[in-house]
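One letter stands for each residue in the lines below.
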Amino acid sequence: ERLGLVILGAVGYAIEASFFFLALQHGNASTVTLLFFTYPAMVMVASMALGRGAPGLLLGGALGCAIVGAALVVASSGGIAVEPLGVVFSLSAGAVFTGYLLGIDRVLRRTNALTASLWVSGSASLALAAFSMATGRAEVLTGLDQWGPVAWMGLATSVAFVAQLAGLRILGPVRTAIIGSTEPVAGATLSFAFLDERVTALMALGGVLILVGAVAAALARRPEPGKAPEAEVALEPPTP
């Protein structure tokens, strides 16, 4: 599984991150985030195209709640403004992230989440570092005011990596993507708590819809053995 994880990190995750930050140069953060969070729908469509079955009513409703909720949260947190190139980069980031999730779901069978996160994030870091140096864009941080925030973000990202892969093993890519839509809610909540940003009625409604979608996705039952799938089949931990 090592080679697959390296490829998914160096190609999949690194390209997705690059597209997302390129999109930020052509649109505000709210709009870019809104377009990126169409990826749960992409994951569901791609899963159906790969023959994993159509989603049941509960999972389909969860997806709808998550997307509408994310749209409300993001749209109410800032003006909608983006250039056409920003739209392309944002949707491309979502499409690549869709491929990354589906690829991880296919590759990750025996490796634990912590080890897999090390291979994925490490290969993505090396790929981005090589690209930065090759294009002359590499910069060396100086001082605690630069190293401190980067180190803190690295710690937060490492926890997110491990948690996402651990959840993917249990829930599969579609439900993982839907529950991942809680990210805008977390951002709005932390902004309210630490940045004194206000929470509007639309933002609160969007948060409720996202949480409803996340709970519904977690409760969506997998098909029983021998029956046609109504939802995706998640990975099972290996039998000892």
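Bear in mind that the values here come from a model prediction, so they are computed numbers and not experimental data.

Procedures and definitions
Residues numbered from 1 in each chain as written. Predicted model: local features only at pLDDT ≥ 70, side-chain atom pairs only at ≥ 80, totals over all residues. Heavy atoms only, no water. Helix = DSSP H or I, 4+ residues; strand = E, 2+ residues; numbered from the N terminus. Buried < 20%, exposed > 50% of the residue type's maximum accessible area, 1.4 Å probe, protein only. Contact = heavy atoms within 4.5 Å. Areas by Shrake-Rupley, 256 points an atom, 1.4 Å probe, with all protein chains shown as cover. Core = buried A, V, L, I, M, F, W, Y, C linked by side-chain atoms within 4.5 Å. Phe/Tyr/Trp six-rings, centres within 6.5 Å; stacked < 30°, edge-to-face > 60°. Expected span 1.5 Å × (residues − 1). Patch = residues over 30% accessible without salt bridge, like charges linked within 9 Å, V, L, I, M, F, W, Y side chains within 5 Å. Salt bridge = Lys/Arg side-chain N within 4 Å of Asp/Glu carboxyl O. Axes fitted to C-alpha atoms, helices over the stretch in contact; angles between N-to-C directions. Parallel < 35°, antiparallel > 145°, perpendicular 65-115°, else oblique. Left-handed = near helix turned anticlockwise from the far one by under 90°.

What's the story with the overall build of the protein in this structure? I'm lost.
What the protein contains, in helices and strands, is 10 helices and zero strands. Along the protein, helices (α) and strands (β) appear in the sequence α-α-α-α-α-α-α-α-α-α when read from the amino end. Sorting the 240 residues of the protein into buried and exposed places 36% on the buried side. Taking the intrachain contacts of the protein between residues at least 6 apart in sequence as the baseline, contacts between residues at least 24 apart amount to 86%. Of the roughly 13,100 Å² that the protein leaves accessible, carbon and sulfur atoms contribute 71%.

When you look at the nonpolar core in this model, what are you seeing that I'm missing?
For soluble globular proteins, nonpolar side chains are generally found buried alongside one another. With 39 residues, the main nonpolar core has Tyr39, Tyr100, Ile104, Leu165 and Ile178 as its most contacted residues. By residue number, the principal contributor to this core is helix α5 (residues 84–107), which donates seven residues. Those residues in contact with Ile104 that lie beyond four places of it in its chain are Leu5, Leu8, Val120, Leu165 and Leu168.

Sorry, what's going on with the packing of aromatic side chains here?
To describe a pair of aromatic rings, you give the distance between the ring centres and the angle between the ring planes. Summed over all chains, the structure comprises 11 aromatic pairs. Between Phe37 and Tyr39, the ring centres sit 5.7 Å apart and the planes meet at 40°, which makes this aromatic pair tilted. Assigned by exposure class, Phe37 and Tyr39 land together as buried. One aromatic cluster in this structure is built from Tyr13, Phe20, Phe21, Phe36, Phe37, Tyr39, Phe97, Tyr100 and Phe161.

Can you help me understand helix α7 (residues 144–171) in this one?
Residues spaced three or four apart along an α-helix point in a common direction, a consequence of the helix completing one turn every 3.6 residues. The end-to-end C-alpha separation of α7 is 39 Å, in line with the 40 Å expected for 28 residues at 1.5 Å each. Among the residues of α7, Phe161, Leu165, Gly167, Leu168, Arg169 and Leu171 are the ones counted as buried. On its buried face, α7 sits against α1 (2–24), α5, α6 (113–134) and α8 (173–179). Gly172, located one to two residues past α7, shows a positive phi value of around 85°.

I would appreciate a short explanation of a nonpolar patch on the surface in the present structure.
On the surface, Trp147, Val150, Trp152, Met153, Leu155 and Val159 cluster together into a nonpolar patch covering about 660 Å² of accessible area. Its location among the elements puts Val150 in helix α7. Relative accessible area serves as the criterion here: at 36%, Val150 is assigned to the partly exposed category.

Explanation requested: the packing of helix α4 (residues 57–75) against helix α9 (residues 183–194) in the structure shown.
To describe two helices that pack against each other, one gives the angle between their axes and the distance between the axes. Interaxial distance between α4 and α9 falls to 9 Å at its minimum, and their mutual angle equals 30°. By the angle between their axes, α4 is roughly parallel relative to α9. The interaxial crossing formed by α4 with α9 has left-handed handedness. Together, Ala70, Val73 and Val74 of α4 and Pro184, Val185 and Ala188 of α9 make up the contact between the two elements.

Help me out: how do you make sense of the pattern of salt bridges in this one?
Think of it this way: side chains of opposite charge can pair up when their charged atoms draw near. For the coordinates displayed, the defined rule picks out one salt bridge. Across the pair Glu1 and Arg110 runs a salt bridge whose closest N-O atoms are separated by 3.8 Å. Of this pair, Glu1 sits in the segment before α1 while Arg110 sits in the loop between α5 and α6; the two residues are 109 residues apart in sequence, bridging distant segments of the chain.

What exactly am I supposed to notice about the environment of Leu126 here?
Mapped onto the elements, Leu126 comes out in helix α6. Once the C-alpha coordinates of Leu126 and Ala14 are considered, the two residues, 112 residues apart in sequence, prove to be 9.3 Å apart.

I'm lost on the environment of Val74 in this one. Help?
Take Val74: it is sitting in helix α4. Sequence spacing of Val74 and Phe37 is 37 residues, and the spatial spacing of their C-alpha atoms is 9.7 Å. Sequence-distant contacts of Val74, defined by excluding residues within four places in its chain, comprise Ser30, Thr31, Thr33, Leu34 and Pro184.

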